[in-house]
Structures are given as structure tokens and as C-alpha cells.
Amino acid sequence: MFDALSERLNDALGDVRSRGKLTEEDISKAMRQVRLALLEADVNFKVVKQFTGQVKERALGADVLQSLNPGQQVVKIVADELTTLMGGAGRELVFAKKGPTVILMAGLQGSGKTTACGKLARHLREEKKLDVAIAACDLQRPAAVDQLVKVSAQAGATVYEQGTSRDPVDVAEWALSQAKKDGRDVLIVDTAGRLHVDAELMEQLGQVKKRTKPHNVLLVVDAMTGQDAVSVAESFAETANFDGVVLSKLDGDARGGAALSVKALTDKPILYASTGEKLDAFERFHPDRMAQRILGMGDVMTLIEKAESRIDERQAQELERKIKKNQFTLDDFLEQMQQVRSMGPLQGLLKMIPGMGQQLGGLQVDDRELDRLQAIITSMTPAERANPRIIDGSRRRRIAAGSGTNVQAVSRLVKQFGQMQKMMRQLQQGKMPSLQQLAGS
Ligand SMILES: Nc1nc2c(ncn2[C@@H]2O[C@H](COP(=O)(O)OP(=O)(O)OP(=O)(O)O)[C@@H](O)[C@H]2O)c(=O)[nH]1
Ligand SMILES: [Mg+2]
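Residues numbered from 1 in each chain as written. Chains lettered and ligands numbered in written order. Predicted model: local features only at pLDDT ≥ 70, side-chain atom pairs only at ≥ 80, totals over all residues. Heavy atoms only, no water.

S.K.: Sorry if this is basic, but what is going on with the overall build of the protein here?
M.R.: Along the backbone of the protein there are 21 helices and 8 strands. Each of the 441 residues in the protein was classed as buried or not, and the buried ones make up 45%. Surface accessibility of the protein: about 22100 Å² in total, with carbon and sulfur atoms responsible for 49%. (Helix = DSSP H or I, 4+ residues; strand = E, 2+ residues; numbered from the N terminus. Buried < 20%, exposed > 50% of the residue type's maximum accessible area, 1.4 Å probe, protein only. Areas by Shrake-Rupley, 256 points an atom, 1.4 Å probe, with all protein chains shown as cover.)

This is the structure we're talking about:
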């Protein structure tokens, strides 16, 4: 998802990111590359123009260029503007105060409506513990009802169906009365797709809407069709009202143009993203997180905020001085570890580091491992902490016994600390190790 765009944008911003000082020309050059990256990702050209204009204006304005780290500020502006572009704060479904919440799914043929019905049902069941039923109102295709029955069974939702012989509008109305009678929390209505946005389709949708009074009308658009997906949404917006978009098949679309243009051109938010054929390939669409993912930033903003709220400025300077002079000791390491731990569980923190999410995979990081490390370090003498090289075999055995661990654990810590010091020296010399190296050491 967004791989190509992500790569291109990071190339475009690479120069800006790494420079200590920036000129107007640097910004203009980067914006030209950003523009190309977006156009290549199939983002609508009007949207691109507005976007780059906005970023440039903010980057050149105020005191960005004079600031301490203009590169990072520019990247932050790009992230902010991408977030706004994709819908800002995002939007939730509207839930009925009483009785079933009705969600109507509309969209062109093959856009992924039926699949999205199942996915949404599963999502609402699992995340919100709601009792969900789906109404089979696509009577256009003979196999449509069977397909929905299968999907619903997988999703653990009830289906309300009456075969294919009746009028879809009647079925919708009947399904709603059943949902009320059965006390369901949610009724999702699957409708028939058409090849194009035509009068007949709109008429039928209009009727279903009138009879079921949906709290949410969601338009499913196929992200793989890029700009076409956006024009479908535009013509729906003109003729039939809808509240939000489900973007399907984002997995098949490495470019992401639809995701970036839909909100700007139709003013309708994207509520969900569908990223595969399986029912669990479905997620809430968070513009801010998506923007950060696109920029390969993980969720670094949250991490920085957390760190800022915990780390004392003076301590940080002292630490920097020590690292520069190669005086970083196990005592400093212990102190750092304690600060990091005060930010929350390690697993969650690591996921916010760019690239770490994938690296961790299913691996569980155990906070108890940190307890063991702490125990080992506090069992060392001050001399050992200041200079771990003196820790020989007999010292290792003593430390192991004192910390309730074993000699291997002590050796591992000493070795890892040595690697860490080496890495810090490299950083000092301006050789930035890659994430792979970091994770591998
Ligand atoms: N890769 C991928 N395939 C998807 C996704 N969503 C749906 N599909 C596939 O797209 C095809 C069409 O999906 P449906 O859910 O049947 O689409 P529909 O809008 O209900 O189609 P009609 O009922 O004919 O209008 C199916 O083969 C789905 O498996 C997705 O997010 N990713
Ligand atoms: Mg269908």
C-alpha cells in the first residue's frame, strides 16, 4: 500500500531532511519532486497543485528556514498537509440512539460492496461487540444472495434474505422490520452495483434510502481504478447523497492516488480502508496515521511528544556531552532505560519507530527482560558500570548470582553494551547505521 509513493516522497524529501540549513531554492526543488511523486501516484492534478502550493507557502513562511532544524519542520508540514488532504481528524460512523443503526452500502459493480458488508460486520462485532445483521438487497445478480450468505457466515452476522424474486426495496424494508424485531444493533444493507452511475441505480438507491432511513450511506470505491474511483465518487456526490467512503482494494494499489484525492474533490471523508480479500483485511482510515505511514515515519510524532514530556532538557544535554566524549556508561544506560520505561510498555513504543513495526513482526517484546537488565546493572560495582571491560569470568559469576540471572545473560548485556558504544562512536563520526543494523545488533 502506497509503497511507490512512499519511496518517491522520501526521495524528494531526503535532501531537505538531511540538510542543516535550507534555502528557498531547496524548498522549491523539493516541491517540484513532491509534485512529480504525487502525479505519478495518480493524484488529481488540481489537488497536487493546491497541496504543493500550501506546503511551500507554509515552509517559506514564518520562521521555518531560520529554525534549528528546518528539514524536519518541512517534513512535518508535509505530514500535516497530507493529513488535512486525506480528511484531517477522520470521521466515525453515526450510531442510532435507539433501534438498529442502518448502514447502506452503495457503489459500482465489482467495487467490493458485498465484501465490505462482511468486513464491516466483522469489524463492528469484534471491535464494538455489536450484534450485526446484513440485508441481501442485491437482486440483480443471481449469485449475489448466495455470496452474501457465505460472507455473512464468515463474519458471524445474520443475513436477512428473501431470495431473488422480490423487489429489492421491499426486501430492504422487510429486513429493517426484522432487525427491529430481533433487536439487532446494526443492519448493513448490501445493494446491487451498476456498470455506470445511471438513473435507474440512483432511483433504486433513493427508494431504499427513503424506506430504511439509513444513518450512514457509505460509497464503496475501488482504489485500483485510481482517478476513476474519484470521478465515480464525484458523480455520486452530485446525484445521491452519501456520508463517507470505503476505499477497497488498497492492497492492489501501490499508488494511492484515490486515497489522496477523494476527500479534496468530493468533501466526503474516507471511513474505512479495505486491504485484501480476507475479512480481516479492513481498518479504520486515520488520515494522520496514513500520512505518517506514507512518509515512512511510523508514529514518531507521538513518540517525540511522549519523550519530550519525560526527558529533562538539562539531562539530555549532559547525555549528549557524554556520548560525544565517549563517556556513556552503564549507569547512563540504566538511567535512559528507566526514562524510556516511564513512557509505557516497550512493545507499543517500538511500533512507533519507523520500520520497527515490520521488523518486529509477531515478536513479543517483554518488559520483564528490562527488569532483568536493570537487576544485572545494579548488581555491578560502580567501577564495573563505568568500565564494563573489567568484567571478567569471576565478576560475571558474582553479578549473575547477585541479580538472580545467569552468566550468559550478563555476558550478553556486556556484549550488547559494547556494540552500543561502538554505534555511538559511528554516529559521532557521522556514519548512520541502518535500521537493519540496529535491529540486528
Ligand atoms: N484484493 C482485494 N480484493 C477485493 C477487496 N475487496 C473486494 N475484493 C474482491 O473484488 C471482487 C468484487 O467484490 P464484491 O464484494 O463482490 O463486489 P460488489 O461491489 O459486491 O460487486 P457487485 O455485487 O457485482 O456489484 C471480489 O473478487 C472480491 O474478492 C480488497 O480490499 N482487496
Ligand atoms: Mg455485491
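S.K.: Can you help me understand helix H6 (residues 144-155) in this one?
M.R.: One turn of an α-helix holds 3.6 residues; hence residues three or four places apart share an orientation. The end-to-end C-alpha distance of H6 is 16 Å, a good match for the 16 Å that 12 residues give at a rise of 1.5 Å each. Among all positions of H6, only Ala-144, Val-145, Leu-148, Val-151, Ser-152 and Ala-155 are buried. The arc that holds every buried residue of H6, seen down its axis, measures 125°, which confines them to one face. Looking at H6, the residues exposed on the side facing more than 90 degrees away from the buried face are Lys-150, Ala-153 and Gln-154. (Expected span 1.5 Å × (residues − 1). Arc of directions from axis to C-beta.)

S.K.: What's the story with unusual backbone geometry in this structure? I'm lost.
M.R.: Backbone phi values are negative for most residues with the exception of glycine, while trans is the configuration of most peptide bonds. Notably, Asp-42 is not glycine yet its phi reads approximately 70°, a positive angle. Looking at the element boundaries, Asp-42 is found in the loop between helix H2 (24-40) and helix H3 (45-60). On the basis of relative accessibility, which here comes to 17%, the residue Asp-42 falls in the buried class. Unusually for a residue other than glycine, Lys-249 sits at a positive phi of about 55°. Structurally, Lys-249 is set in the loop between strand S6 (244-248) and helix H10 (257-266). With a relative accessible area of 26%, Lys-249 lands in the partly exposed category.

S.K.: It is not clear to me how the site of ligand 1 should be interpreted in this structure. Could you clarify?
M.R.: Neighbouring residues of ligand 1: 19 residues in total, closest Lys-113, Thr-114, Thr-115, Asp-251 and Glu-277. At 3.3 Å from an oxygen atom of ligand 1 is found a side-chain nitrogen or oxygen belonging to Asp-138. Examining the composition of the shell around ligand 1, we find that 4 residues originate from one element, helix H5 (residues 113-128), more than from any other. (Near = heavy atom within 4 Å. Polar contact = N/O pair within 3.5 Å; in protein donor to acceptor, adjacent residues only side chain to side chain.)

S.K.: How do you make sense of the packing of aromatic side chains when you look at a structure like this?
M.R.: Working definition: an aromatic ring pair is given by the centre-to-centre distance plus the angle between the planes. Taken as a whole and assessed by the stated rule, the structure comprises 4 aromatic pairs. Ring geometry for Tyr-160 and Trp-174: centres 6.0 Å apart, planes at 80°, overall edge-to-face. Placement of the pair is Tyr-160 in strand S3 (residues 158-160) and Trp-174 in helix H7 (residues 168-181), with a sequence separation of 14 residues. Residue classification places Trp-174 among the partly exposed residues on the basis of a relative accessible area of 23%. Both rings, one in Phe-328 and one in Phe-417, keep their centres 6.1 Å apart while their planes meet at 20°; by these two values the pair is stacked. Here Phe-328 is found in the loop between helix H13 (313-324) and helix H14 (330-341), whereas its partner Phe-417 is found in helix H20 (residues 407-428), with 89 residues between them in sequence. (Phe/Tyr/Trp six-rings, centres within 6.5 Å; stacked < 30°, edge-to-face > 60°.)

S.K.: Would you explain the sheet that holds strand S7 (residues 270-274) in this entry?
M.R.: Within the open sheet, the 8 strands sit side by side as S3-S2-S4-S1-S5-S6-S7-S8. Their pairing is mixed. The sheet is open, and its two edges are formed by S3 and strand S8 (282-284), each paired on a single side. In this sheet, adjacent strand axes meet at a mean angle of 25° when their direction is disregarded. Sheet contacts for H7: strand S1 (101-107), strand S2 (132-137), S3 and strand S4 (186-191); angle to S2, the most-contacted strand, approximately 165°. (Pairing = 2+ DSSP bridges. Axes fitted to C-alpha atoms, helices over the stretch in contact; angles between N-to-C directions. Contact = heavy atoms within 4.5 Å.)

S.K.: Quick question: what am I supposed to make of the environment of Val-186 here?
M.R.: With respect to the helices and strands, the residue Val-186 is situated in strand S4. The buried category is assigned to Val-186, whose relative accessible area is 0%. Along the sequence, Val-186 and Ile-103 sit 83 residues apart, while their C-alpha atoms lie 7.5 Å from each other. When neighbours within four sequence positions are excluded, Val-186 is seen to be in contact with Phe-95, Thr-101, Ile-103, Leu-124, Leu-130, Asp-131, Val-132 and Ala-133.

S.K.: Can you walk me through the side chain of Thr-191 in this structure?
M.R.: Note on placement: Thr-191 falls in strand S4. In this structure the side chain of Thr-191 is engaged in a polar contact, spanning 2.6 Å, whose partner is the backbone oxygen of Met-105. When neighbours within four sequence positions are excluded, Thr-191 is seen to be in contact with Leu-104, Met-105, Ala-106, Lys-113, Cys-137, Asp-138 and Leu-205.

S.K.: Got a minute to help me understand the pairing of S4 in this structure?
M.R.: Each regular strand carries side chains that alternate between the two faces of the sheet. Extensive coverage of S4 is indicated by the burial of 6 of its 6 residues. Burial along S4 is two-sided: the face carrying Val-186, Ile-188 and Asp-190 and the face carrying Leu-187, Val-189 and Thr-191 are both buried. Where S1 meets S4, 5 bridges bridge the pair, whose relative direction is parallel. Bridging across to S4, Ile-103 finds its partner in Ile-188.

S.K.: I tried to follow the pairing of S2 on my own but got confused; where do I start?
M.R.: Along S2, 6 of the 6 residues are buried, which leaves the element largely enclosed by surrounding structure. Every second residue of S2 is oriented toward a common face, with Val-132, Ile-134 and Ala-136 on one face and Ala-133, Ala-135 and Cys-137 on the other, all of them buried. In the sheet, S2 pairs with S4 via 6 bridges, with the strands oriented parallel. Each bridged residue has a counterpart across the sheet, and for Ala-135 the counterpart in S4 is Val-189. Pairing between S2 and S3: 3 bridges, direction parallel. Each bridged residue has a counterpart across the sheet, and for Ala-135 the counterpart in S3 is Tyr-160. The β-α-β motif built from S2, the intervening H6 and the parallel element S3 has right-handed crossover chirality. (Right-handed = clockwise from strand over helix to strand, strands pointing away.)

S.K.: Looking at this structure, I do not really get the pattern of salt bridges. What am I missing?
M.R.: Oppositely charged side chains are able to pair whenever their charged atoms sit close together. The final tally for this structure, using the stated rule, is 21 salt bridges. Among the salt bridges present, the one from Glu-126 reaches Arg-122, with a minimum N-O distance of 3.4 Å. Remark: Arg-122 and Glu-126 occur in helix H5; sequence separation between them is 4 residues, near one turn of the helix. Two residues, Glu-384 and Arg-395, come together in a salt bridge whose shortest N-O distance is 2.8 Å. Taken together, the positions of Glu-384 in helix H18 (residues 382-386) and Arg-395 in helix H19 (residues 393-403) put the pair 11 residues apart, joining distant regions of the chain. The class for Glu-384 is buried, based on a relative accessible area of 0%. Each of the salt bridges in this network shares a partner with another, and the network as a whole consists of Arg-58, Lys-76, Asp-80 and Glu-81. (Salt bridge = Lys/Arg side-chain N within 4 Å of Asp/Glu carboxyl O.)

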